[in-house]
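Given next are the chains, with one letter for each unit.
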Protein chains: 2
Amino acid sequence: MALLGCGVVGSQVVRLMREQSGDLAARIGAPLELAGVAVRRLGRKRDADVEQGLLTTDAEALVSRDDVDIVIEVIGGIEPARSLITTALRGGKSVVTANKALLAEDGSALYAAARQGGGDLYFEASVAGAIPLLRPLRESLSGDHVHRVLGIVNGTTNYILDKMDSTGASFTDALEEAQALGYAEADPTADVEGFDAAAKAAILAGLAFHSRVTAADVHREGITEITAADVASAKAMGYVIKLLAICARADDGRTVGVRVHPAMIPRSHPLAGVRDAYNAVFVEARSAGELMFYGKGAGGAPTASAVLGDLVAVARNRLTGARGPEESTYADLAVHPMGDTVTRYHVALDVADKPGVLARVAEIFAKHDVSIQTVRQEGHGDDAQLVLVSHRAADAALSATVSSLRELDIVRAVASVMRVEGDESS
Amino acid sequence: MALLGCGVVGSQVVRLMREQSGDLAARIGAPLELAGVAVRRLGRKRDADVEQGLLTTDAEALVSRDDVDIVIEVIGGIEPARSLITTALRGGKSVVTANKALLAEDGSALYAAARQGGGDLYFEASVAGAIPLLRPLRESLSGDHVHRVLGIVNGTTNYILDKMDSTGASFTDALEEAQALGYAEADPTADVEGFDAAAKAAILAGLAFHSRVTAADVHREGITEITAADVASAKAMGYVIKLLAICARADDGRTVGVRVHPAMIPRSHPLAGVRDAYNAVFVEARSAGELMFYGKGAGGAPTASAVLGDLVAVARNRLTGARGPEESTYADLAVHPMGDTVTRYHVALDVADKPGVLARVAEIFAKHDVSIQTVRQEGHGDDAQLVLVSHRAADAALSATVSSLRELDIVRAVASVMRVEGDESS
């Protein structure tokens, strides 16, 4: 086998393969042999103890070698990962990858290359790190009908939001702390803007609904605009703000919605207790009911655990002449736009403190056919604020309601708008 | 395929196979055909709409038919399930079973029959109902090193203990309520005496540690002797009593302990929040860290979901000529006796209320080399009680300590003895 990339995850893969070589050989039925490790630069110091002779900068040659039958890709990003994986798969090799971005952009092309070559494509490590989630969705639940997948799939943003919630820190301060501790990268865009979670949501939705879903289908909002005031206000109401990935069938079952955005959830909800950089995902299925999976969603060793689990599976498959599951898109459900998704909004309005304000605000909600579940006035005079929580309605109607509120003369400002999830009382 | 048993689970299997026939065919790549359903009596009214022509009382003939390639066994119990499954497997058929008792008693013989016939043996439904737990252990974590599996795997006892905790009911009253609601059977022995959980613990331990573990290896204690006073006293201390299944490597990694017994866990522990008849299992692995799986551990539809997931897998395997994982016992770890397991005890003693009592009690602990973590005196005079929590020690030493305490003249009675888990501070 060959390893592409020897960074945080790759080093752990090498270390664990060495430490557990006896166990892995017993579980597979044959020893694993590392034929080469493709890296960008040869000289760099690495955590893993890799013989210089195994290192190469020519990844393209490595994945084409006849003595390589399995390729592990942990470089990440679109290129050169896409070309390398495609070459390997077309050449009949099996591929284990942790590359969520590539799978979410172009998973179908990879599956097609695997089918052409006759090898396997496994990617448990691409979503929720060490948590076994894709295999349960692809296999354990293949006799069931999944309604919804909802969870926290990005550890970095969960760490930041958890810090903001527990210490009252601003987004910027919490991000800096996450960066200092290695939870966030120097360029945190992929995490804080929700790109990472959106890629994972696309992968989860594709597997859960047996349909083709790409990152471009996912409605995506990040957490950069969440203020300490938003967090404090949620806290005061018994809620906590989390970045959620939600893949759900529409009520008629004919389309699915796939979205990533911050949302307020009740503190009594199990996802509210997911701290630090942990991940947790609920899967709701017709017969199985509600299932939850919880664990470390990132990090070198946890991700390597998922990679090695896949490695054992594809190695066994090669020995026995078997193949793992192929792409399953027979249901071919369309992804509906965010506007059609049914959600609930929490809206805080800075308003003029005078009689008739609530009537005018309520009229706007009614005009858009949105019912109000709760309303509360806070403060007086220049500090007067109306806090409203809607009943369930189409996101487009809720969004239009907020636009109309902005234009109302008695509304000085829309202080915050946040969706509410996990509180099914309405 | 053939179905053995058409009770609570079997009826749901038939119903779901019918309702989801299109989806199942698409996922497998070929339609499923039900060749026959073996039942004890033909005339009985059933939940499932099974044509009379499919029903038979001759299960032995059904599992030997040439047009049957997959057998689903949901009869339960040792015989006739064992003979039927063995005949089916030796005849080259694949078997999906939910039969924890049989697997825990004689799983190796079934694996051997599967190997002989060349078919598959799948049993996800045998542990924790709909929760995908065995496939993750057998496959997703096959590149990792599991330290411990700990959880609530019996819904009936969890329902009873939860009721006792939330309402103050006695064991007998809570059991009656569970029976009235269908959570407990008329003869509740298998659940309340821990046999069901012990069988599941044996299956989990075998998979987690790649060793042969049978029900006879499992230390088993039920919940019948837990009193309302025990529950109230645990509650007062911030604990809740749960029936736990614990499979853990010894500190030196060379043996494993497998046990089922009630234990006090802190109310802040995630397992404390597992209510009603739900199940939840923690898996702790070297690289993956701590994982949790949560969901419905029993019931017709959830169990049928797990059965159908396995059915899709074995049907796919037959179509592609593949075989699922075989028995993996290469590690061949011995199961150590309960006395060698390191635990902690909570002990409440009715004592004489006079000076020097604590000194004499402490002396007994010291004699057995057990340290005391906390001690508290409650009440006075004839109601005086000493409540002690030990540090970690060998269960044999803790048990011997309690025996010595019973003989002490100043101890009027040992009011309660309970192990403490999930509080790793000591």
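This is a predicted model, so every value here is computed, not measured. (Residues numbered from 1 in each chain as written. Chains lettered and ligands numbered in written order. Predicted model: local features only at pLDDT ≥ 70, side-chain atom pairs only at ≥ 80, totals over all residues. Heavy atoms only, no water.)

### Observations regarding the overall build of chain A
- Each helix and strand counted, chain A has 14 helices and 19 strands in total.
- Projected onto the principal axes, the alpha-carbon positions of chain A cover approximately 80 × 45 × 30 Å.
- Expressed as a percentage of its 426 residues, the buried residues of chain A come to 58%.
- Once local pairs closer than 6 in sequence are excluded, the contacts in chain A between residues at least 24 apart make up 74%.
- Roughly 16400 Å² of accessible area belongs to chain A as shown, and the carbon and sulfur atoms make up 48% of that amount.
- Here chain A carries 42 positive and 56 negative side-chain charges, and the mean point of each set is 3 Å from the other. (Helix = DSSP H or I, 4+ residues; strand = E, 2+ residues; numbered from the N terminus. Buried < 20%, exposed > 50% of the residue type's maximum accessible area, 1.4 Å probe, protein only. Contact = heavy atoms within 4.5 Å. Areas by Shrake-Rupley, 256 points an atom, 1.4 Å probe, with all protein chains shown as cover. Lys, Arg positive; Asp, Glu negative; His and termini not counted. Charge placed at Lys NZ, Arg CZ, Asp CG, Glu CD.)

### Comments concerning the interface of chain A and chain B
- In this complex, chain A contributes 44 residues to the contact, which on the side of chain B involves 44 residues.
- In this structure, glutamate 139 of chain A engages arginine 135 of chain B in a salt bridge whose closest nitrogen and oxygen atoms are separated by 3.5 Å.
- For the interface between chain A and chain B, the tally reads 18 residue pairs in polar contact (both at pLDDT 80 or more).
- Element by element, the count of residues in the side of chain A that touches chain B is highest for strand β12 (residues 289-296) of chain A, at 8 residues.
- Of the residues assigned to the side of chain A that touches chain B, the class counts are 21 nonpolar, 11 polar and 12 charged.
- Taken together, the 3 bridges between β12 of chain A and strand β12 (residues 289-296) of chain B define a ladder with antiparallel strand orientation. The partner of tyrosine 294 of chain A across the bridge, within β12 of chain B, is methionine 292 of chain B. (Salt bridge = Lys/Arg side-chain N within 4 Å of Asp/Glu carboxyl O. Polar contact = N/O pair within 3.5 Å; in protein donor to acceptor, adjacent residues only side chain to side chain. Nonpolar A, V, L, I, M, F, W, Y, C, P; charged D, E, K, R; others polar. Pairing = 2+ DSSP bridges.)

### Remarks on unusual backbone geometry
Residue and element names in this part refer to chain A.
- Across the junction of glutamate 79 and proline 80, the peptide omega takes the value 5°, indicating a cis bond.
- With respect to the element layout, proline 80 can be found in the loop between β4 (70-73) and α4 (81-90).
- Its identity as a non-glycine residue notwithstanding, aspartate 276 has a phi of 50°, on the positive side.
- Inspection of the secondary structure puts aspartate 276 in the loop between β10 (255-266) and β11 (278-285).

### Some details on the packing of helix α5 (residues 100-117) of chain A against helix α10 (residues 195-209) of chain A
Residue and element names in this part refer to chain A.
- For the pair α5 and α10, interaxial distance at closest approach is 7 Å and the crossing angle is 35°. Across the interface between the two elements, Lys100, Ala101, Leu103, Ala104 and Tyr111 of α5 pack against Asp196, Ala199, Lys200, Ala202, Ile203 and Leu207 of α10.
- Looking at the contact of α5 with α10 residue by residue, the class counts come to 8 nonpolar, no polar and 3 charged. (Axes fitted to C-alpha atoms, helices over the stretch in contact; angles between N-to-C directions.)

### Quick notes on the sheet that holds strand β5 (residues 94-97) of chain A
Residues and elements named next belong to chain A.
- Read across the sheet, 6 strands follow the order β3-β2-β1-β4-β5-β6 without closing on themselves; strand pairing throughout is parallel. Edge positions in the sheet fall to β3 (55-56) and β6 (121-122), since each of these pairs with one other strand and no more.
- Note that β5 and β6 share 2 bridges and pair parallel. If you follow valine 95 over to β6, its bridge partner there is leucine 121.

### Comments concerning the pairing of strand β11 (residues 278-285) of chain B
Residue and element names in this part refer to chain B.
- In terms of burial, β11 is largely enclosed, as 7 of its 8 residues are buried.
- Taken together, the 6 bridges between strand β7 (residues 146-152) and β11 define a ladder with antiparallel strand orientation. Looking across to β11, one finds that arginine 148 is bridged to glutamate 284.
- As judged from the 8 bridges shared by β11 and β12, these two strands associate in the antiparallel manner. Bridge pairing links glutamate 284 to glutamate 290 in β12.
- Between the end of β11 and the start of β12, which pair antiparallel, lie 3 residues.

### So, the relation of the copies chain A and chain B
- Mapping chain A onto chain B is achieved by rotating through 180° and translating by 0.0 Å along the same axis, at an RMSD of 0.0 Å. Given the turn and translation reported, the copies of this chain are related as if by a two-fold rotation axis.
- Comparing contact sets, 100% of the residues at the interface of chain A also lie at the interface in chain B, consistent with an isologous, same-surface contact. (Least-squares fit on C-alpha atoms with pLDDT ≥ 70 in both.)

### Section: the pattern of salt bridges
- Applying the stated criterion to the full structure yields 46 salt bridges over all chains.
- For aspartate 196 of chain A, the salt bridge goes to lysine 200 of chain A, with nearest N and O atoms at 2.7 Å. Taken as a pair, aspartate 196 of chain A and lysine 200 of chain A lie in helix α10 at a separation of 4 residues, close to a single helical turn. Here aspartate 196 of chain A matches lysine 200 of chain A in class, with each residue buried.
- Between glutamate 326 of chain B and arginine 323 of chain B there is a salt bridge, and its shortest N-O distance comes to 3.2 Å.
- Taking the relative accessible area as the measure of exposure, arginine 323 of chain B reaches 29% and is therefore partly exposed.

### Focus on the packing of aromatic side chains
- The final tally for this structure, using the stated rule, is 7 aromatic pairs over all chains.
- When the centroid spacing of 4.5 Å and the interplanar angle of 35° are considered together, the rings of tyrosine 159 of chain A and tyrosine 183 of chain A count as tilted. Taken as a pair, tyrosine 159 of chain A in helix α7 (residues 155-167) and tyrosine 183 of chain A in the loop between α8 (171-180) and α9 (189-192) lie far apart in primary sequence, 24 residues in all.
- A residue is classified by how much of its surface remains accessible, and tyrosine 183 of chain A, at 37% relative accessible area, is partly exposed.
- When the centroid spacing of 5.2 Å and the interplanar angle of 5° are considered together, the rings of tyrosine 278 of chain B and tyrosine 294 of chain B count as stacked. In this pair, tyrosine 278 of chain B is assigned in strand β11 and tyrosine 294 of chain B in strand β12, connecting sequence segments 16 residues apart.
- What makes tyrosine 294 of chain B buried here is its relative accessible area of 17%.
- It is arginine 138 of chain B that lies over the ring of tyrosine 122 of chain B; its NZ or CZ is 5.5 Å from the centre.
- When the ring centre of phenylalanine 195 of chain B is taken as origin, the NZ or CZ atom of arginine 220 of chain B, which lies over that ring, is 3.8 Å away. (Phe/Tyr/Trp six-rings, centres within 6.5 Å; stacked < 30°, edge-to-face > 60°. Lys NZ or Arg CZ within 6 Å of the ring centre and 35° of its normal.)

### A word on the environment of alanine 205 of chain B
Residue and element names in this part refer to chain B.
- Inspection of the secondary structure puts alanine 205 in helix α10 (residues 195-209).
- Overall, the relative accessible area of 0% leaves alanine 205 in the buried class.
- Sequence-wise, alanine 205 and valine 256 are 51 residues apart; in three dimensions their C-alpha atoms are separated by 8.3 Å.
- Not counting chain neighbours up to four residues away, the residues in contact with alanine 205 comprise His210, Val213, Cys247 and Val258.

### Quick look at the sheet that holds strand β5 (residues 94-97) of chain B
All names here are of chain B.
- Taken together, the 6 strands give an open sheet; going across it, the order is β3-β2-β1-β4-β5-β6, and neighbouring strands pair in parallel fashion. Each having just a single partner strand, β3 (55-56) and β6 (121-122) make up the two edges of the open sheet.
- Here helix α4 (residues 81-90) sits on the sheet and contacts β1 (2-4), β4 (70-73), β5 and β6; the angle it forms with β5, its principal contact strand, is near 150°.

### Details of the domain arrangement of chain A
Residue and element names in this part refer to chain A.
- Here the domain parsing of chain A yields domain 1 (2-129 + 300-320), domain 2 (141-296) and domain 3 (339-420).
- Inter-centroid distance (C-alpha atoms) of domain 2 to domain 3 is 25 Å.
- Summed over both sides, the interface between domain 2 and domain 3 buries roughly 1000 Å², with carbon and sulfur atoms accounting for 59% of that surface.
- Considering only the surface of domain 2 that becomes buried against domain 3, Met237, Arg259 and Met264 emerge as the three largest contributors, covering 46% of it.
- Where domain 2 packs against domain 3, one counts 1 salt bridge.
- Of the charged contacts in the structure, one is a salt bridge between arginine 419 and glutamate 221, with a shortest N-O distance of 2.9 Å.
- Counting residues per element, the ones that place at least two in the side of domain 2 that touches domain 3 are α11 (228-236), β9 (239-249) and β10. (Domains from an automatic or database assignment. Buried area = accessible area lost by both parts, 1.4 Å probe.)

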